[in-house]
Amino acid sequence: MAKEQTGEAGVRGEGGAGEVPSRLAPAPHRLAEADRPWMMRTYAGHSTARRSNELYRGNIAKGQTGLSIAFDLPTQTGYDADHELARGEVGKVGVPIAHKGEMRALLDGIPLDRMNTSMTINATAAWLLALYIVTAEETGVDPVVLQGTTQNDIIKEYLSRGTYAFPPAPSMRLIADMVAYTVEHVPKWNPVNICSYHLQEAGATPVQEIAFSMATAIAVLDEVRPRVADEVMPKVFSRISFFVNAGVRFIEEHAKLRAMTELWDELGRERYGVQDAKARRFRYGVQVNSLGLTEAQPENNVQRIVLEALAVTLGRNARARAVQLPAWNEALGLPRPWDQQWSLRIQQVLAYETDVLEYPDIFGGSTVMEGLVNELLEGARAELAVVAEHGGAVEAVPYMKAALVDSHRARVRRIESGEMVVVGQNRFTETEDSPLTADAEGGILVVDPGVELEAQEALEQWRSERDESAVAEALAELRRVAASDSESENIMPATITAARAGVTTGEWAGALREVFRDYRAPTGVSDAAAGIDDEGLEQLREEVAEVSERLGRRLKILVGKPGLDGHSNGAEQIAVRARDAGMDVVYEGIRLTPSQIAASAVQEGVHVVGLSILSGSHRELIPAVIEELRAAGDGDVPVVVGGIIPEADVASLRAAGVAAIYTPKDFDLSRIMHDIVRLVNERVARHNGSAS
């Protein structure tokens, strides 16, 4: 499962990689003293605050030097556990945090005055930071000493991951208010972590990853500018960090980081007048690429992770300040503590056993690196100009989204054709059975389904014991400030007051939704370029035409994403390929309830329904969609499913009525399209047989 995380403010871990051998005199090609390692994190959280706290303490005991919190999808999108959209999602991809009591349980025993904490949170970042601040205050820690990062990059949510809650303009206002507040009141905190990680997950080329993330940073800084004095802007610039991706093409990926370093320095100097070179440093954390992890032969993911880690550690002048590595089995499901330990040990071996920290920048003077960096800078500057022509990052969201869909489509086609080799997936596929996946759960952690009910009961108890008048007063003030047009009305004080009063995540976001209204981001599918032609696609079009003739109209497919899972890359590629094959496509984007999907299928008269889920909620939501279709009188429409579906769940989904199941190992989209045509043909034959 693809993850996301935050970068760091230059705080490094304890210890060194090893002493320079005493028998060797200091020389220009050696450091007099080895660098300290980067901060080592493990992105973690699941089930409940208490269970996640146990996991954090265990990871810290194993040598993790920074805390990295993964929140579940309801928390990320602003819903409580008892909301309809939270069904099946509670505690699955992270920890649910509904109020200050749960935040305190999550951080119990962790020294907030010394811990550097990163929180992967975007739409509700202001709220989660408020809960963190209140927890610190109530445990005797002054917020002025708090260190850490909130991701807080909403533009990439519209482009790639989908955990947005509000429209772009008020979302940018929330970010700007948070930046202005933290620079004054929580000065060691990184309030925004521009996240290019998910852009690459959505198919971005290195040039697009650089350009789109820099455009986002410009949009954030320009939004903050009116809220702070001119002399404060250098401090604001210095608190912006980045969270980047590093794929397996690690030479090119390192060049990308050097290009970003140079471009960021240029932006600080020329656009924002930052004179202090230290304040212009490109500060970034990294998680290496989950997009390249495979379900097929998942043991190959270990060497991919190691190589990708080299991209962000080999070159001293562009070395990451914080690193977290995915686990080998994230394409299969949720990692276990042992799997996370393995990834932490990879970092520790790299930092403490190898000599990567003993030398000056090893790429200095490299003609290859210099050439790659210049290529990337030239492309990124040109792409930045295009974004500027569209009005900047906020206005250019539809353009950037369509560009990512196109880039990802090109990547998928290269894998399908074999031009891009993925070992174990499209080449060297012969394999022995893996002992790593031989247990009953298939080598992953399965969250107890009772967690959701447990969260709902705890939420009910919390509400019954709090001061409702204080809650109502806090929410009224929050709505008032949110509705204000004045740039002097910062939303953070009202948010912190709400946190102190015991307001819940869903109530905070619900109050803001009343003011800001709901929003659905563009899907990029309708704006994607027309499909490419090849012999295989032409054959597929002929099959679609034949079945359409039998149907009496064009074959129509609905592609749906039930629940809160915003990872829409796969669904978008299915929708684009179906369109390229000649089908009519109904794709309304993310965050739909089972009843909404069924109603749309009936209203549109579709011939097949395709569902995509990567969050682990398939066991609850897919049968619910099928039940809704049956209730609406369309129970025999074929339902196909794609996503991270453990083998242990296949039989139950089949029993529920699923016609076909595809997982990440099924990379050939044209084959999936052929299967869909066959399923529709079989349905036509059944209906014709019944009619006769």
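For the structure given in this document, a descriptive report is provided here. (Residues numbered from 1 in each chain as written. Predicted model: local features only at pLDDT ≥ 70, side-chain atom pairs only at ≥ 80, totals over all residues. Heavy atoms only, no water.)

### A short note on the nonpolar core
Judged by nonpolar contacts, the single largest core of 175 residues is most densely connected at M119, M214, F242 and W264. By size, the runner-up hydrophobic cluster in this structure holds 23 residues, among which are L558, V586, A598 and L629. (Core = buried A, V, L, I, M, F, W, Y, C linked by side-chain atoms within 4.5 Å. Buried < 20%, exposed > 50% of the residue type's maximum accessible area, 1.4 Å probe, protein only.)

### Examining the side chain of S241
Inspection of the secondary structure puts S241 in strand β8 (residues 240-246). Looking at S241, its side chain comes within polar contact range of the side chain of N193, at 2.7 Å. (Helix = DSSP H or I, 4+ residues; strand = E, 2+ residues; numbered from the N terminus. Polar contact = N/O pair within 3.5 Å; in protein donor to acceptor, adjacent residues only side chain to side chain.)

### Side note on the sheet that holds strand β12 (residues 584-587)
A sheet is described by the order of its strands in space; here 5 strands give the open sequence β12-β11-β13-β14-β15, paired in parallel fashion. What marks the edges here is a single partner per strand, and that holds for β12 and β15 (660-662). Adjacent strand axes in the sheet meet at a mean angle of 20°, parallel and antiparallel pairs treated alike. As judged from the 5 bridges shared by strand β13 (residues 608-613) and strand β14 (residues 639-643), these two strands associate in the parallel manner. Paired with G610 across the bridge in β14 is V640. (Pairing = 2+ DSSP bridges. Axes fitted to C-alpha atoms, helices over the stretch in contact; angles between N-to-C directions.)

### Side note on the pairing of β13
Along β13, 6 of the 6 residues are buried, which leaves the element largely enclosed by surrounding structure. Two elements, strand β11 (residues 556-560) and β13, share 4 bridges in a ladder whose sense is parallel. In the strand pairing of β13, I557 is matched with V608. Running through helix α22 (residues 618-631), the crossover from β13 to the neighbouring parallel element β14 is right-handed. (Right-handed = clockwise from strand over helix to strand, strands pointing away.)

### Let's talk about helix α15 (residues 451-465)
Taking 1.5 Å of rise per residue, the 15 residues of α15 would be expected to cover 21 Å, and the 21 Å separating its terminal C-alpha atoms lies within 8% of that figure. Within the sequence span of α15, burial applies to V451, E452, A455 and L459. An end-on view of α15 places all buried positions within 95° of arc, on one side of the element. Facing away from the buried surface of α15 by more than 90 degrees, the exposed residues are E460, S464 and E465. Among the structural elements, α1 (49-61) are those in contact with the buried residues of α15. (Expected span 1.5 Å × (residues − 1). Arc of directions from axis to C-beta. Contact = heavy atoms within 4.5 Å.)

None of the figures reported here should be taken as evidence of function without further support.
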